[in-house]
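This is what each chain is made of:
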Amino acid sequence: MPTTILLPLLLGSAFALQPPGQFHGDEPVARDGERWLALRIDGDDAALVATTVQVQAVEDVIAGDESGQRSGRLVGSNAGDDAHLVTYLRGPGLQAGAIERAQVVASASALTTLPVHDLTFRGQRHRIDARCDPAPFEHVDEQAHYACRIALDNARGVQVLATTIGYFEAGASTMSLGDAAAPQLLFAGDLDRDGELDLIFDITDHYNIARPTLFLSSGAQSDAFVREAARYESVGC
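Keep in mind it's a predicted model, so treat the numbers as computed, not measured.

Rules used in this analysis
Residues numbered from 1 in each chain as written. Predicted model: local features only at pLDDT ≥ 70, side-chain atom pairs only at ≥ 80, totals over all residues. Heavy atoms only, no water. Helix = DSSP H or I, 4+ residues; strand = E, 2+ residues; numbered from the N terminus. Rg over C-alpha atoms; globule rule 2.2 N^0.38 Å. Buried < 20%, exposed > 50% of the residue type's maximum accessible area, 1.4 Å probe, protein only. Contact = heavy atoms within 4.5 Å. Areas by Shrake-Rupley, 256 points an atom, 1.4 Å probe, with all protein chains shown as cover. Lys, Arg positive; Asp, Glu negative; His and termini not counted. Charge placed at Lys NZ, Arg CZ, Asp CG, Glu CD. Pairing = 2+ DSSP bridges. Axes fitted to C-alpha atoms, helices over the stretch in contact; angles between N-to-C directions. Core = buried A, V, L, I, M, F, W, Y, C linked by side-chain atoms within 4.5 Å.

J.: I'd like to hear about the overall build of the protein chain, residue by residue, with values.
T.: Across its full length, the protein chain holds zero helices and 21 strands. Taking 237 residues into account, the globule formula puts the C-alpha radius of gyration at 18 Å, and the protein chain, at 19 Å, falls close to it. In terms of its C-alpha atoms, the protein chain occupies a principal-axis envelope of roughly 50 × 45 × 35 Å. Split into buried and exposed, the 237 residues of the protein chain put 46% on the buried side. Put simply, of all contacts in the protein chain between residues at least 6 apart along the chain, 51% involve residues at least 24 apart. Put simply, the protein chain shows about 12,100 Å² of open surface, and 49% of that area lies on carbon and sulfur atoms. Distance from the positive charge centre (17 side chains) to the negative charge centre (33 side chains) of the protein chain: 7 Å.

So, in structure tokens, the structure goes:
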């Protein structure tokens, strides 16, 4: 019977992740002129591309900037900001060049709003899905809340990537997660070139918060598949 592995809570401070786009002023971790690696995906191909990040002050309408104010920050680079650009990364062992991707098949889950992701990487099969307890642990305003886990499993066992709550919207047959959250897999492949599966997964538990998170196989504990190396958090409105 597979064992359950809990993800270590400590983050590797040497790694960082920075999505492209516009953010509130205190959110970007990248600074204008810094050298980063841009993760780009084009069909079946993926690569880390050395680039210079550009951070510009812009008007932040959502934050209430008046005319002439520029409290927002627009993050881009000379690598381009098209649909092929996933995120910027930096950290020891990450190098520019082509990287190997996993084959990913996503299908609707019968349990939760998070799709089931079946991954194949170097002949090994993995699955990412949400698993919830059969009985609720609390009721809030007469709504049952269930303990749920976003889990990665393979032939070696099961590792929890994130925990959240599940609940049923009126008339729904599948559980919603968090506060109308939409966690999603952004990348699966070998980012650190050690031959093992790495992930970038948005583990958000709120509809207005993004939490893209870098999970690396290198440096993982002996009983784990990956470790959480970096996390980025930003809010919408």
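The discussion continues.
J.: Would you mind going over the sheet that holds strand S20 (residues 227-231) in detail, with residue names and values included?
T.: Read from one edge to the other, the open sheet built from four strands follows the order S16-S17-S19-S20, with strand pairing classed as antiparallel. Of all the strands in the sheet, just strand S16 (184-189) and S20 have a single pairing partner and so form its edges. The sheet shows a mean angle of 20° between the axes of neighbouring strands, direction not considered. In this sheet, S20 lies alongside strand S19 (residues 212-216) in antiparallel orientation, the contact comprising four bridges. Across the sheet, Leu214 pairs through a bridge with Ala230, a residue of S20.

J.: Please give an account of the nonpolar core that cites residues and values.
T.: In this structure, Leu89, Phe187, Leu191, Ile200 and Leu214 are the most contacted members of the largest nonpolar core, which totals 29 residues. The dominant element in this core, judged by the number of residues it contributes, is strand S4 (residues 35-42), at five residues. Setting aside chain neighbours within four positions, we find Phe187 in contact with Leu39, Ile41, Ala46, Ile99, Glu100, Arg101, Asp198, Leu199 and Ile200. If you look at the next biggest cluster of nonpolar residues, it comprises 25 residues, including Ala102, Ala130, Leu177 and Ala188.

J.: Go over the pairing of S19, please, and point to the residues and values.
T.: With respect to burial, S19 is a largely interior element, five of its five residues being buried. Judged by which residues are buried, S19 turns out to be covered on both faces: Pro212, Leu214 and Leu216 on one side and Thr213 and Phe215 on the other are all buried. Of the strand pairs in this sheet, strand S17 (residues 198-202) and S19 are connected by four bridges, and their pairing is antiparallel. Bridge pairing in S19 links Ile200 to Leu214.

J.: Would you mind going over the pairing of S17 in detail, with residue names and values included?
T.: Counting buried positions over the five residues of S17 gives five, a clear majority of the element. Burial along S17 is two-sided: the residues Asp198, Ile200 and Asp202 and Leu199 and Phe201 are all buried. Pairing analysis gives five bridges linking S16 to S17, with the strands arranged antiparallel. Pairing of Ala188 across the sheet is with Leu199, part of S17.

These values are about where atoms sit, not about what they do.
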